[in-house]
Amino acid sequence: MTGHMDLDLDVEGGKVTSDGPRGVKRKADELTEVTGPRRIKALDPNVVNKIAAGEIIVAPVHALKELIENSVDAGSTSLEVVVKEGGLKLLQITDNGHGIDREDLPILCERFTTSKLKEFEDLTTIGTYGFRGEALASISHIAHLQVTTRTKDSSCAYRAHYDSGRLAPAKPGQSAEPRPIAGRPGTQITVEDLFYNVPTRRRAFRSASDEYNKILDMVGRYAVHRDGVAFICKKYGEASTGISTQSNSSTVDRIRQIHGGAVANELIEFTSTDKTWGFTARGWTTNANYHVKKTTLLLFINHRCVESTNIRKAIEQTYSAFLPKGGHPFTYLSLEIEPERVDVNVHPTKREVNFLNEDEIIEAVCTDIRVKLANVDTSRTFMMQTLLPGARVPLATTPDLATLDATTKATPKSKPKPYENNLVRTDPKVRTITSMLPPSTTTRTRDPETQANSHDIDKDYTLTERKFVPCQLMSVKELRTEVRDEMHNELTEVFASHTFVGIVDERRRLVAIQGGVKLFLVDYGMIAAEYFYQIGLTHFGNFGVIRFDPPLSLRGLLRIAAEHEKARPTNPEDEFEVEEAVEKVAEQLIERREMLEEYFSLGISPAGDLLTIPLLMKHYTPSLAKLPRFLLRLGPFVTWTSEKECFESFLRELASFYAPEQLPPSPGPAEAEEEVDEEVKVRREEVRRVLEDIMFPAFKSRLVATKSLGKGGVLEVANLKGLYRVFERC
């Protein structure tokens, strides 16, 4: 077709004349009415093929999807993808499959040429990815296509170039026939200059990095699903890989390599099957401990990567009863449905499929997922701890390593590899700030009785099977909602991925943590108080207990705290009588002892003995020196007249009691270690152990950082990229 076509034409006396200057935009009411029917003509085959190619290959990722499926259909066990400029400049995939016969190369890129389908009825039993024979044909019409292939029985490989569905010479003047070259068994398909002859489509891709991320996502999906196939995806000219999985890796290992350990460590496996609806489902999904802002769904139906809005919404609805507001899961789901029940030919890019009994199958799968999630919490174990008063057990140091090794199993967590420009020390096993300090000049020893008590504190837990009591109180639910509404997303992410650096100041309760390329100074007293408050809301009515044997005198503890408060210098208006305050607070607590024991596991006898206090964290005992003050503050600082305010104020006081106390700072090089009290040294060792080994790992997995923590609890003190700019000016 030569020349330009003008749609605004008039027919006058058998002549075709233009109604105005070409290129002038006119309104609809100015167009000349058509006085007769226009002739229907067949489009040029080249136009037809380009239109079809634009429907099938919308972006580089769609071309890659077709090529991956062809390689897997060919029996490949190893695929390597190389990308340049997001796939627009270069998209190359190399496999070790069966290869293509030399005789089939001339018609390889013609439309509707395939080895997987002969009759229309074969669609009802199709078991391969491809079936229409349009992928390579479409690519050859909008890109420069090169195919290098070798079969197992061939003595050499053959390379062919294609243009518009036909063989083309590699250079002008050369033969278009495939030429023999050296090569490995398998096929290598190279796509260059994608959309070079469709400039409008080419200009629509503004960011090469976005297209590369889409390619990584697609390769990652098939890498998770295809057992026994190794996948590698990288940028052209770079040695590092974006994705690299081994052929013998398990599904969980592949998810760990691609999506990170935070996902893989929380996965639960599920299966579902129903002969009535003719389907079998298997997959992995995260439990209630993991949630992100957006649902990640890897969906395969008959091993074909597809999308389904209905399945996504159903899974999100299933998790709404288990995750906090705004939380979404990670789910990998593989559905195998009888081929005669599935229609795969409903979308140009085969992104969607239709299947019979969709609602029934989705409901069955979601029901099995719901059962798996519920089974995680069917039985909970609560700890009880027996503590003898007067002993120095709460000041014990770390338990015996042999005991810990016998009772706990450490599971290594793999971390995703950081980019080189953000590469900083993030492995706490390499070196910590405490290793840079001078070693102590004295060897700390404890008498055998103290050591025995230290070990007993970690051994003496009585495990009781107690039915979990769900909290139905609206006041508690409102307090939980307030915490979620006050969540600081960026700060929560910092704690979720932080690395503990070391304690900076025990008197000010400061530690240093690393988040990404930033260093933060954290008030661990404020953070711990907020964390234990959230633990109190989460386990409301289901606390473990620390049991005192023999019981402690409630009035005696209150008297100690009241006398200490009396001795502190205060305003004359704040003066009070010790015995009067002790009796008033004791009567309040004894009167409400049933409620305190049911909701908070704070056990008080009618005679006024303290039997138990709540246990919020295993392997950590709060300082019992703070116990008298905690009990005394329950009187004036808890609002007993309002349910919601009562629960909130009580849990705040309990969290403050559990927060590590302020300690004298460590002695400097010039100070004598012997001058420090032995109990202070032991407690300092205990606090250090608890912070690094127990509390901050717990913050990483469960803390919801609120906006109030960002105002005084966390301070950014260094930024790696900012330091680079400083060094550049030096």
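Conventions adopted
- Residues numbered from 1 in each chain as written.
- Predicted model: local features only at pLDDT ≥ 70, side-chain atom pairs only at ≥ 80, totals over all residues.
- Heavy atoms only, no water.
- Helix = DSSP H or I, 4+ residues; strand = E, 2+ residues; numbered from the N terminus.
- Buried < 20%, exposed > 50% of the residue type's maximum accessible area, 1.4 Å probe, protein only.
- Contact = heavy atoms within 4.5 Å.
- Areas by Shrake-Rupley, 256 points an atom, 1.4 Å probe, with all protein chains shown as cover.
- Phe/Tyr/Trp six-rings, centres within 6.5 Å; stacked < 30°, edge-to-face > 60°.
- Pairing = 2+ DSSP bridges.
- Expected span 1.5 Å × (residues − 1).
- Core = buried A, V, L, I, M, F, W, Y, C linked by side-chain atoms within 4.5 Å.
- Polar contact = N/O pair within 3.5 Å; in protein donor to acceptor, adjacent residues only side chain to side chain.
- Axes fitted to C-alpha atoms, helices over the stretch in contact; angles between N-to-C directions.

Colleague: Help me understand the overall build of the protein chain in this model?
Modeller: Per the secondary structure count, the protein chain includes 22 helices and 27 strands. Each of the 730 residues in the protein chain was classed as buried or not, and the buried ones make up 41%. Residue pairs at least 24 apart in sequence account for 71% of intrachain contacts in the protein chain once pairs closer than 6 positions are excluded. Carbon and sulfur atoms provide 51% of the accessible area of the protein chain, an area that totals close to 40,400 Å².

Colleague: Mind showing me how you'd approach the packing of aromatic side chains here?
Modeller: What describes a pair of aromatic rings is the distance from one ring centre to the other and the angle between the planes of the rings. On inspection of all chains with the given rule, the structure shows 20 aromatic pairs. Considering the side-chain rings of Tyr222 and Phe300, the 5.5 Å spacing of their centres and the 80° angle between planes classify their relative orientation as edge-to-face. Note that Tyr222 is positioned in helix H5 (residues 208-225) and Phe300 in strand E14 (residues 296-301), a separation of 78 residues in sequence. Given the relative accessible area of 0%, Phe300 is considered buried.

Colleague: Is there a simple way to think about the sheet that holds strand E15 (residues 304-305) in this case?
Modeller: Strand pairs in the sheet, formed through backbone hydrogen bonds, run parallel or antiparallel to each other. With mixed pairing, the five strands of this open sheet are ordered in space as E12-E13-E16-E14-E15. Of all the strands in the sheet, the pair left with one neighbour each is strand E12 (267-274) and E15. Here E12 pairs with strand E13 (residues 279-286) via eight bridges, running antiparallel. Residue Asp274 lies in a different strand from E13, and its bridge partner there is Phe279.

Colleague: Could you clarify how one ought to interpret the pairing of strand E26 (residues 609-615) in this entry?
Modeller: Strand residues, when the strand is regular, have side chains that alternate between the two faces of the sheet. Of all seven residues in E26, five are buried, a share of seventy percent or more. Where strand E24 (residues 544-553) and E26 come together, six bridges link them in antiparallel fashion. From the neighbouring strand, Gly544 faces E26, where its bridge partner is Leu615. Sheet analysis places strand E25 (residues 603-604) next to E26, joined by two bridges and oriented antiparallel. Each bridged residue has a counterpart across the sheet, and for Ile604 the counterpart in E26 is Leu610.

Colleague: When you look at helix H19 (residues 643-658) in this model, what are you seeing that I'm missing?
Modeller: Think of an α-helix as turning once every 3.6 residues; residues three or four places apart then point the same way. Compared with an ideal rise of 1.5 Å per residue, which puts 16 residues at 22 Å, H19 spans 23 Å between its outermost C-alpha atoms and is within 8% of the ideal. Among all positions of H19, only Cys646, Phe647, Ser649, Phe650, Leu651, Glu653, Leu654, Ala655, Phe657 and Tyr658 are buried.

Colleague: Honestly, the nonpolar core in this entry has me stumped. Any pointers?
Modeller: Taken as a class, soluble globular proteins show a tendency for nonpolar side chains to be buried jointly. Ranked by internal contacts, the top residues of the largest apolar core, which has 76 residues, are Phe495, Phe532, Leu610 and Leu627. Contacts of Phe495, omitting those with residues within four sequence positions, involve Ile513, Val522, Ile527, Phe696, Phe699, Lys700, Leu703, Ala705 and Val714. Core analysis: the second largest hydrophobic core is formed by 57 residues, Ala63, Ile68, Ile243 and Val263 among them.

Colleague: It is not clear to me how unusual backbone geometry should be interpreted in this structure. Could you clarify?
Modeller: Cis geometry is found at the peptide bond from Asp549 to Pro550, where omega equals 5°. Note that Pro550 resides in strand E24. One non-glycine residue with positive phi stands out, namely Arg509, at about 55°. Note on placement: Arg509 falls in the loop between strand E21 (499-505) and strand E22 (510-515).

Colleague: Could you clarify how one ought to interpret the environment of Lys707 in this entry?
Modeller: Structurally, Lys707 can be placed in the loop between helix H20 (678-702) and helix H21 (709-712). Separated by 224 residues in sequence, Lys707 and Val483 have C-alpha atoms that sit 9.6 Å apart. Excluding residues that lie within four positions of it along the chain, Lys707 makes contacts with Asp485, Glu486, Met487 and His488.

Colleague: I keep staring at the side chain of Glu506 and nothing clicks. Help me out?
Modeller: Tracing the backbone shows Glu506 in the loop between E21 and E22. The class of Glu506 is buried, set by a relative accessible area of 3%. One polar contact links Glu506 to Arg688, side chain to side chain, over a distance of 2.9 Å.

Colleague: Looking at this model, I keep getting lost on the sheet that holds E22. Mind explaining?
Modeller: Read from one edge to the other, the open sheet built from four strands follows the order E21-E22-E23-E27, with strand pairing classed as antiparallel. On the outer flanks of this sheet lie E21 and strand E27 (714-719), each paired with one strand and no other. Within this sheet the neighbouring strands show an average axis-to-axis angle of 25°, counted without direction. In terms of strand pairing, E22 meets strand E23 (residues 518-523) through six bridges, oriented antiparallel.

Colleague: Explanation requested: the environment of Ile232 in the structure shown.
Modeller: Its location among the elements puts Ile232 in strand E10 (residues 230-235). C-alpha separation for the pair Ile232 and Val219, spaced 13 residues apart in sequence, amounts to 8.3 Å. Residues in contact with Ile232, not counting those within four places in the same chain, are Leu79, Glu80, Val81, Thr241, Ile243 and Ser244.

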